[in-house]
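Working through the structure, step by step
Now for the letters of each chain:
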Amino acid sequence: MAQWLEDIELGNRIDLGAWLMDGEEMMAFARKYDPQSFHVDPEAAAKSHFGGIIASGWYTVACWMRAMMKHRDAQAEKYHYAADKSPGQRPQIGPSPGFLNLSWPNPVRPGDVITFTATASEKLLMKSRPGWGIIRSLNEAYNQKGELVLRHTGQGMVSTRPK
Amino acid sequence: MWCRTATCCIFGLRIEQGIKMVEPKYYWEDFKIGEVAKFGAYHVTKEEIIEFASTYDPQTIHLDEEAAKHSIVGGLCASGWHTCAMVMRMMCDEYLVASAGMGGLGINDARWRAPVRPDEILSVERVCLESRLSKSRPDRGILNFRHTASNQRGEVKLIIEGPMMMLARRFPGQEA
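Residues numbered from 1 in each chain as written. Chains lettered and ligands numbered in written order. Predicted model: local features only at pLDDT ≥ 70, side-chain atom pairs only at ≥ 80, totals over all residues.

Glancing now at the overall build of chain B. On a plain count of helices and strands, chain B comes out with five helices and six strands. In chain B, the succession of helices and strands from N to C terminus is α-β-α-α-α-α-β-β-β-β-β. Buried residues in chain B amount to 35% of all 176 residues. Across chain B, the fraction of contacts at a sequence separation of at least 24, relative to all contacts at a separation of at least 6, is 69%. (Helix = DSSP H or I, 4+ residues; strand = E, 2+ residues; numbered from the N terminus. Buried ≥ 20, exposed ≤ 12 C-beta atoms within 10 Å, placed from the backbone. Contact = placed C-beta atoms within 7 Å.)

Set out below in structure tokens:
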């Protein structure tokens, strides 16, 4: 989305690509950040109500971010934006104030193929920071059966086109 | 976690299931509305900030110290998702791994209040906002917690609020 706030189209669902969820990476993430048995221990997970290893929800959302960044890089190339160089001349992306309404309606399992999407839903100008706005985006992820596995409303700061 | 189906723990009998199963220390009943707990001391390192961001959130402000200085955040900082993950780890170490937790249901509201910097030490304050038994599955309850992460100077970095599911110690009909 390396675009000026003004250029971002609302309501357009962007396909961020389909990713194979690797069980080893999934469990390595969980060993480091979310070592609950159903994320790290295949035997215990098999006997849990999940019936097998499932991804930490934080892993799934981190994978959404990775897909988004990959998309953003591709966009930067497409529009010949040198990402983050010559600030003021190129659209800048700033930090996020937070996110809302995140849910994991279905578990993600090793070997799943997850399609990540983002739909810009709202633009707000920042009164406190001239030259910046906030873009809200409905972000979703689906597995190979078409089941929703992640949904959240993300927010990010985006620079406005210089006057 | 030991099996809680009626066949293997009727009358409270606990039967090992072939692998090591540890009796959970905490169940749904162990968390009371309004109760506050403080825990954790997560040392944030530059190396870990860059490692996480390289894989999941490769933005200059999380990767490049020099470039980050000239950015809107004024210096290298952790990916917000990394901060969530670090808080999750502290939650796991403090109570989740030892609990009969059945997974998070979602996050209603999360606020990244300030950038998380290298060499900060994060800790967490947990407040239990809501607690109720599941209507459809009365052997488990829903707990809604707010977790606030701050650094060693008490500066708030992340506020995150959302529900999780946890088995109840006694399901209806079971003797006390």
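Moving on, we get to the overall build of chain A. Regarding its fold elements, chain A presents four helices and five strands. Counted from the first residue to the last, chain A has its helices and strands arranged as β-α-α-α-α-β-β-β-β. Out of the 163 residues belonging to chain A, those deemed buried represent 37%. The long-range share in chain A, meaning contacts at least 24 apart out of those at least 6 apart in sequence, stands at 69%.

This part covers the environment of Ser131(B). Residues and elements named next belong to chain B. Within the secondary structure layout, Ser-131 lies in strand 4 (residues 121-133). Under the C-beta neighbour-count criterion, Ser-131 is labelled partly exposed, with 19 such atoms within 10 Å. For the pair Ser-131 and Met-164, spaced 33 residues apart in sequence, the C-alpha separation works out to 9.8 Å. Here Ser-131 is in contact with Phe-31, Ile-33, Gly-141 and Leu-143, once residues within four sequence places are set aside.

This part covers the environment of Asn151(B). Residues and elements named next belong to chain B. Counting through the fold element by element, Asn-151 comes out in the loop between strand 5 (140-150) and strand 6 (156-167). Here the alpha-carbon distance between Asn-151 and Asn-108, two residues 43 residues apart in the chain, equals 23 Å. If we skip the residues at most four places from it in the chain, Asn-151 touches Glu-120, Ile-121, Leu-122 and Lys-157.

Our focus in this paragraph is the pairing of strand 3 (residues 106-112) of chain B. Taken together, the five bridges between strand 2 (residues 98-103) of chain A and strand 3 of chain B define a ladder with antiparallel strand orientation. Within the sheet, the bridge partner assigned to Gly98(A) lies in strand 3 of chain B and is Arg111(B). Here strand 3 of chain B pairs with strand 6 of chain B via four bridges, running antiparallel. Residue Ala110(B) lies in a different strand from strand 6 of chain B, and its bridge partner there is Ile160(B). (Pairing = 2+ DSSP bridges.)

Bringing the interface of chain B and chain A into the picture now. Accessible area lost when the parts come together is the quantity often used to give the size of an interface. Tallying the contact residues gives 33 residues for chain B and 29 residues for chain A. Within the residue set of the side of chain B that touches chain A, elements represented by two or more residues are helix 2 (46-56), helix 5 (80-96), strand 2 (101-104) and strand 3 of chain B. With eight residues, the top contributor of residues to the side of chain B that touches chain A is helix 5 of chain B. Looking at the side of chain B that touches chain A residue by residue, the classes come out as 21 nonpolar, eight polar and four charged. (Nonpolar A, V, L, I, M, F, W, Y, C, P; charged D, E, K, R; others polar.)

Here the focus is helix 1 (residues 23-33) of chain A. Every buried residue belonging to helix 1 of chain A is among Met26(A), Met27(A), Phe29(A), Ala30(A) and Tyr33(A), and all of these are buried. One face of helix 1 of chain A carries all of its buried residues, which in axial projection span an arc of 155 degrees. At its buried positions, helix 1 of chain A is contacted by helix 2 (37-40) and helix 4 (57-78) of chain A together with helix 5 of chain B. (Arc of directions from axis to C-beta.)

What follows concerns the confidence of the model for chain B. Residue and element names in this part refer to chain B. Confidence in the prediction for chain B averages 88 pLDDT; 85% of positions are at 70 or higher. Counting interchain partners and residues more than four positions distant, the pLDDT-below-50 stretch residues 1-20 has 27 contacts. The ipTM, which scores confidence in the relative placement of chains, is 0.92 for this predicted complex, and the corresponding pTM is 0.89. (pLDDT = per-residue confidence, 0-100.)

Attention shifts here to the environment of Glu47(B). Along the chain, Glu47(B) turns up in helix 2. Linking Glu47(B) and Met88(B), residues 41 residues apart in sequence, is a C-alpha distance of 19 Å.

Turning to helix 4 of chain A, a few remarks are in order. The terminal C-alpha atoms of helix 4 of chain A lie 32 Å apart, and with 22 residues this matches the ideal 32 Å at 1.5 Å per residue to within 8%. Of the positions making up helix 4 of chain A, those classed as buried are Gly57(A), Trp58(A), Tyr59(A), Thr60(A), Val61(A), Ala62(A), Cys63(A), Trp64(A), Met65(A), Ala67(A) and Met68(A). (Expected span 1.5 Å × (residues − 1).)

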